[in-house]
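Understanding the architecture of this molecule
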Amino acid sequence: MSGPDAPLTGGAAPEARGEGGGWRSAGRPRPGPSAVRAAATAGDRVITVAEVDRRLRLLRSGPLAARLPRPETAEGRNLRRWLVQVMVAEALAEQEAARLGLPAGHSPLGDPVPLGDPVPLGDPVPLGDPAPPGSPPPAGRAAPSGPEAVLTLAGALRTGGVAAAVLVTTPAARAVCRALAAGCEPSEDEVRDYYRRNLDRFTTPETRWVRPFGPVRRGQLAGPIEDAVFAAREGETVGPVEGPGGPWTLVVERIEAARREPYAAVRERIRAELAKENGERAFARWLDARHADSVVLTPGHEHPADPAQPDADHRH
């Protein structure tokens, strides 16, 4: 397995047991009895079990808590593992932003950026407790807005769930993504080809205002009623036409012809969208490579897709 959602364990053996059962990893000293318990290390950053516990409490006390799996289930334990991956990715992004001298805002690992926009049913769950509507952002942070304010299925499919989540929660991740996107500008041929392959996005079908239905388009009605409505002229009364519940008499009050936005009108919008998506994919590739080089996960905090962990639900 490879890509942004591949098991990210930082090598074949993310940890090894030393004498007395303590954990160790190549090139790292084994903590003594008084050391803080670590869930993971990301470069020079240690993410403690206490930080993970606190972050999980924030998540479980949020308005969508009822939609989360119970802690004692395999799904609940994998939610914790997934949250560790997000916290690790945040740490890597913050380190990279600092290394590059990028203005990344403020987002301490234990206190995720609140998400102000609601998440529709079916979309992935936000990673923190959203701020009450209308409340100001905490000091030092910009209020999230636009597509970066919520996780979307399209974003998760494009980059992998962890990368998509960290781009939502962490200003540093967005700063690194913007830096990577600088070399990912689409060519004119790519922009024009996207337009040609996605004409439906820029086309509004013919719309007819029909009494008593309101505005309708092809495919929204059925059978003889649709045929009669779309054969009529503007202002014409049609019927009685057999339909559900008996005959119908309909009035086509207004017809708005189909229209298509010309390429010149949408060119810059397409270019910006493709550049953003290319940057997100570049960020996901960077995150995957950096994770493999510099992350150690302790037992119980593996990637949920790691087949070596006992709650993995994807096996061959």
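Above: the structure in question.
All of these numbers come straight from a predicted model, not from anything done at the bench.

Some details on the pattern of salt bridges
A complete count under the given rule lists 26 salt bridges for this structure. Across the salt bridge formed by Arg45 and Glu51, the nearest N and O atoms sit 2.8 Å from each other. A relative accessible area of 19% places Glu51 in the buried class. When the shortest N-O distance is used, the salt bridge between Arg192 and Glu188 registers 3.6 Å. With Arg192 and Glu188 both in helix H6 (residues 188-197) and four residues apart, this pair spans about one turn of that helix. Looking at Arg192, the relative accessible area reads 36%, which means it is partly exposed. Classification of Glu188 as partly exposed rests on a relative accessible area of 27%. Put simply, Arg158, Lys276, Glu277, Glu280 and Arg281 are held in one network by salt bridges that share partners.

A word on the sheet that holds strand S3 (residues 38-42)
On the basis of which strands lie adjacent, the open sheet formed by three strands has the order S4-S3-S11 and antiparallel pairing. The open sheet has two edge strands, strand S4 (45-48) and strand S11 (295-297), and neither has a second partner. Taken pair by pair, the neighbouring strands of this sheet meet at an average axis angle of 15°, ignoring direction. Sitting on the sheet, helix H1 (residues 49-60) is in contact with S3 and S4, with an inclination near 55° to S4.

What about the sheet that holds strand S6 (residues 207-211)?
Spatially, S7-S6-S9-S8 is the arrangement adopted by the four strands of the open sheet, whose pairing is antiparallel. The sheet terminates laterally at strand S7 (214-216) and strand S8 (237-243), the two strands that pair on one side only. In this sheet, neighbouring strand axes are inclined to one another by 40° on average, regardless of whether the strands run parallel or antiparallel. Direction of pairing for S6 relative to S7: antiparallel, over a ladder of three bridges. Bridged to Trp209 within S7 is Pro215. Set on the sheet, helix H7 (residues 223-231) makes contact with S6, S7, S8 and strand S9 (246-256); between it and S8 the angle comes to about 170°.

So, helix H5 (residues 171-181)
Within H5, eight of the 11 residues are buried, leaving the element largely enclosed by the surrounding structure. Those residues of H5 lying buried are Pro171, Ala172, Ala173, Arg174, Ala175, Val176, Cys177 and Ala181. The secondary structure elements touched by the buried residues of H5 are helix H2 (74-100), helix H4 (161-169) and helix H8 (263-294).

About the cut-offs
Residues numbered from 1 in each chain as written. Predicted model: local features only at pLDDT ≥ 70, side-chain atom pairs only at ≥ 80, totals over all residues. Heavy atoms only, no water. Salt bridge = Lys/Arg side-chain N within 4 Å of Asp/Glu carboxyl O. Buried < 20%, exposed > 50% of the residue type's maximum accessible area, 1.4 Å probe, protein only. Helix = DSSP H or I, 4+ residues; strand = E, 2+ residues; numbered from the N terminus. Pairing = 2+ DSSP bridges. Axes fitted to C-alpha atoms, helices over the stretch in contact; angles between N-to-C directions. Contact = heavy atoms within 4.5 Å.

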